[in-house]
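# Analysis of the macromolecular model
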Amino acid sequence: MRERILGLLAQRPAAFAVVLALVLLIANVIAQPDFIAPNQIAPTLGTLAPFAIVGMASTLAFLSGGGGIDLSIAPLMGLVNIVLVTVFFGTALGGPLLAIPLLLALGAVVGAINGVMVARLRFPPVIATLGTFFVLAGLDLRLVPNPVTAGPNWTNHLAGSIGPVPGALLTIGAPLLLWLALRRTPYVQSLLAVGDHDATAFSAGINVNAVRISAYTIGGVIAAIGGIALTGLVRSADAQVFNNYILVALAAVALGGTNLFGGRGGLFPSLMGATCIFLLENLLTSLHASAYFIQVAYGGALFVAVLFGSRIFNREVAPA
Amino acid sequence: MTRASLERLVRTAPILQVAAVIALGIAAAVTIDGFLTLTSIYTTLVLAAFLGIAAAGQTTVILIGGIDLSVPALITGANLVSTSLTGKGWSFLSVCLFLLASAAVVGAINGYTTHRFRVPPLIVTLATGAIVTGATLGWTKGGQVSGHVPSWMGTFSSPIGTVFGVRLPPIVLLWAILALAISIVLHLSVAGRRIYATGANEHAAELAGVKTERVWIGAFVFSAISATVVGVLLAGFTGTGQAGIGDQYLFTSLAAVLIGGTSLVGARGDYWRTVLGALILTLITTLLVGHGADESTQEMIIGALILAFVGLYGRDQRVRDRV
């Protein structure tokens, strides 16, 4: 029985997160019946959006294998938020048609720098992205030493609703659509092959460096979407707010069931993982748990998630 | 001297690091007024000692091929808990014993889970770090502590402290003894051989009779304990407990190891390199602060600097060379 469940989870890694999310959703509704009131759905999804998007943005680096990890996703999301509020708003670039492509390009550039450092310069991913983390965090703090409030603007709709449609469906949906589109191309297969065993993928003729660089670049683009969603939510530019998302990003990927050593997983599992963490935090808050206890819960969720993932993925490989 | 032999020399001996320490020392002496006094040199050494001791455990963990990101949480935790418990009337000895035992538990969990379940140490130590931070901040209500560690702890890490009447901060002496002890263990003992063997090839080490699980647990326990010691020493240095005091050591403890030239891949490097790395980082911070750079500039420059140093060392193999 236990073997069968583990076998099922190895094939459908997100199944655990989906079940857990449903359980947590029910628990939330019991603790706080208004949780699913119609007028609450859009703002709730708006709060979920940054969680979901950092989780999805962090996934690609893990998938690309070779110890891949992108620690700079959270401060990059912070930078996009800060640039949008302090540089773009109030100028000709402040409208969505110009601002969105420029911010996505900013995310792509930072992601590509990480990718080049990891793939071409062969830096250990932890160090490369931790270096970027500190450069970006320093830059964030330099740009806004104190939080700057943003006036009413188009991003508010993304955290609320656009007509009857919750705006968060757009921000959460955009990375998912991008991923679905990529899955129709050979790219995702190549990415998973590289993540599974890079030398084999190289022998099979896959351009390993190009795949890795683009994985970090796409991660950066998704982080930029997260920055836009975050701006709608916090309605200010804040150099500290990204700190709340560092652990969430990693925990969402691990809890979703993506293999942290690469080769298995996708964006949907991370979305589910992020949803679990969001619902857990929401449940603890509605039960009046302190912020510190919530941090303990984050750590605990991350710890349990990695142990759980190792049970699923390591059972296929005979121990060395 | 040919380029190839120069490159080999740079790889085998920390020449670049020694040169960097000398160059930075000269730069500080020339451009910062009053750097060349005994007090300010000792201040730099005391700050480097905190970093060096925090990075001692990190060095061992990196030598076996792991990484420990729970260091800042344990520093802050020990800092807050030691002041809080002394404030509640615990004797300093029992506080220290309690903290060392708790640190050993956290380290053992880190080492055991990463080894037994083959999970990335990076993620596991981030998780245990978050748990420790949340628990200590929750317990001290956000870092409000009212106690004081004994006053001799203050003189222990004071730049104007003395050892048996000689003008030398005791913490600097402690650091020197620690460095000597670690290098004896690493290079002249069976335990040291086991550490390098585990880092070079864990499977081969296991077949050669090394109990690699014990090596992993031991390295992580040592890392947790060295972080705890720094937390208590910092409580003496600043006179009180402070939330977030360990945060800066997340990056600097890693940076000291890597700038020294110890490789993240494992088994290459030793603690003397970390000592040099700690001195380099502290001198750079001293220079930046001396020239009025604010916190954000320091973060950016140190971030860029570590990338430059890692570019010289510890890069991975090409994929095509691993086929």
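Basis of the calculations
- Residues numbered from 1 in each chain as written.
- Chains lettered and ligands numbered in written order.
- Predicted model: local features only at pLDDT ≥ 70, side-chain atom pairs only at ≥ 80, totals over all residues.
- Helix = DSSP H or I, 4+ residues; strand = E, 2+ residues; numbered from the N terminus.
- Rg over C-alpha atoms; globule rule 2.2 N^0.38 Å.
- Contact = placed C-beta atoms within 7 Å.
- Axes fitted to C-alpha atoms, helices over the stretch in contact; angles between N-to-C directions.
- Parallel < 35°, antiparallel > 145°, perpendicular 65-115°, else oblique.
- Left-handed = near helix turned anticlockwise from the far one by under 90°.
- Nonpolar A, V, L, I, M, F, W, Y, C, P; charged D, E, K, R; others polar.
- Expected span 1.5 Å × (residues − 1).
- Buried ≥ 20, exposed ≤ 12 C-beta atoms within 10 Å, placed from the backbone.
- Core = buried A, V, L, I, M, F, W, Y, C linked by C-beta atoms within 7 Å.
- pLDDT = per-residue confidence, 0-100.
- Arc of directions from axis to C-beta.

### A few points about the overall build of chain A
In terms of helices and strands, chain A carries 14 helices and 4 strands. What you see for chain A is a C-alpha radius of gyration of 19 Å, in line with the 20 Å of a compact globule of 320 residues. Summarising its shape, the C-alpha atoms of chain A cover approximately 55 × 50 × 35 Å along the three principal directions. A fraction of 80% describes how many contacts in chain A between residues 6 or more apart in sequence connect residues 24 or more apart.

### A few points about the packing of helix α3 (residues 38–63) of chain A against helix α4 (residues 73–88) of chain A
All names here are of chain A. Packing of α3 against α4 leaves a shortest axis separation of 10 Å and a crossing angle of 125°. When the interaxial angle is binned, α3 and α4 end up oblique. Crossing geometry of α3 relative to α4 is assigned as right-handed. Residue-level contacts link V54, A57 and S58 of α3 to I73, A74 and M77 of α4. Across the contact of α3 with α4, the residue classes break down as 5 nonpolar, 1 polar and no charged.

### Section: the interface of chain B and chain A
One widely used convention gives an interface's size as the accessible area the parts lose upon coming together. In this assembly, 43 residues from chain B lie in contact with 41 residues from chain A. Elements with a minimum of two residues in the side of chain B that touches chain A: α6 (121–139), α12 (248–260) and α14 (295–312) of chain B. Here the element with the most residues in the side of chain B that touches chain A is α6 of chain B; it accounts for 13 residues. Among the residues making up the side of chain B that touches chain A, the classes are represented as 24 nonpolar, 11 polar and 8 charged.

### Description of α12 of chain B
For α12 of chain B, which comprises 13 residues, the first-to-last C-alpha distance of 18 Å matches the rise-based estimate of 18 Å (1.5 Å per residue) to within 8%. In terms of burial, α12 of chain B is a largely internal element, 12 of the 13 residues being buried. Restricting attention to buried positions, one finds in α12 of chain B the residues Y249, L250, F251, T252, S253, L254, A255, A256, V257, L258, I259 and G260 of chain B. Among the structural elements, α6 (125–143) of chain A together with α2 (15–31), α3 (38–63), α4 (71–87), α13 (271–290) and α14 of chain B are those in contact with the buried residues of α12 of chain B. Where α12 of chain B terminates, the next one or two residues include G261 of chain B, which has phi positive at roughly 105°.

### Notes on the environment of L307 of chain A
Following the sequence through the fold, L307 of chain A ends up in helix α14 (residues 291–314). Distance in space between the C-alpha atoms of L307 of chain A and L255 of chain A is 9.7 Å, their sequence separation being 52 residues.

### Brief notes about unusual backbone geometry
One non-glycine residue, R122 of chain A, adopts positive backbone phi at about 60°. Relative to the helices and strands, R122 of chain A is located in the loop between α5 (96–119) and α6. For R122 of chain A, a count of 18 C-beta atoms within 10 Å translates into the label partly exposed. Although it is not a glycine, R118 of chain B adopts a positive phi angle of roughly 55°. Structurally, R118 of chain B is set in the loop between α5 (92–116) and α6. On the basis of neighbour count, R118 of chain B is assigned to the partly exposed category, with 15 C-beta atoms found within 10 Å.

### Focus: the environment of V148 of chain A
All names here are of chain A. In this structure, V148 sits in strand β1 (residues 148–149). Residue class for V148 comes out partly exposed when judged on the 15 C-beta atoms lying within 10 Å of it. Counting along the chain gives 99 residues from V148 to L247, while the straight-line C-alpha distance between them is 25 Å. The contacts of V148, once residues within four sequence positions are left out, are V85, T86, S236 and A237.

### Structural notes on the packing of α3 of chain B against helix α8 (residues 170–188) of chain B
Residues and elements named next belong to chain B. At a minimum axis separation of 9 Å, α3 and α8 run at an interaxial angle of 35°. The way α3 lies across α8 gives a crossing that is left-handed. Residue-level contacts link L45, V46, A49, G52, I53 and A56 of α3 to I171, V172, W175, L178 and I182 of α8. Looking at the contact of α3 with α8, its residues break down into 10 nonpolar, 1 polar and no charged.

### Let's talk about the nonpolar core
Judged by nonpolar contacts, the single largest core of 209 residues is most densely connected at V54, V248, A251, I277 and L302 of chain A together with I123 of chain B. No other element matches helix α11 (residues 212–238) of chain B, which puts 17 residues into this core. Apart from residues lying up to four places away in sequence, V54 of chain A is in contact with I73, A74, M77, A223, G226, Y245, V248 and A249 of chain A.

### Quick look at the confidence of the model for chain A
Residue and element names in this part refer to chain A. A residue-level look at chain A finds 98% of positions with pLDDT of 70 or above and a mean pLDDT of 89. Confidence, read as mean pLDDT per element, is least for helix α1 (residues 2–11) in chain A (74) and greatest for helix α11 (residues 208–234) (96). In this model, residues 316–320 is a region of pLDDT below 50 whose contacts with residues beyond four sequence positions or in other chains number 2 contacts.

### Overview of α8 of chain B
Residues and elements named next belong to chain B. Here α8 contains 19 residues, and its C-alpha end-to-end distance of 26 Å stays within 8% of the 27 Å for a straight helix at 1.5 Å per residue. Listed in full, the buried residues belonging to α8 are I171, W175, A179, I182 and L186. One face of α8 carries all of its buried residues, which in axial projection span an arc of 85°. Facing away from the buried surface of α8 by more than 90 degrees, the exposed residues are I177, L180, A181, I184 and L188. The secondary structure elements touched by the buried residues of α8 are α3, α7 (151–156), α9 (190–200), α11 and α13.

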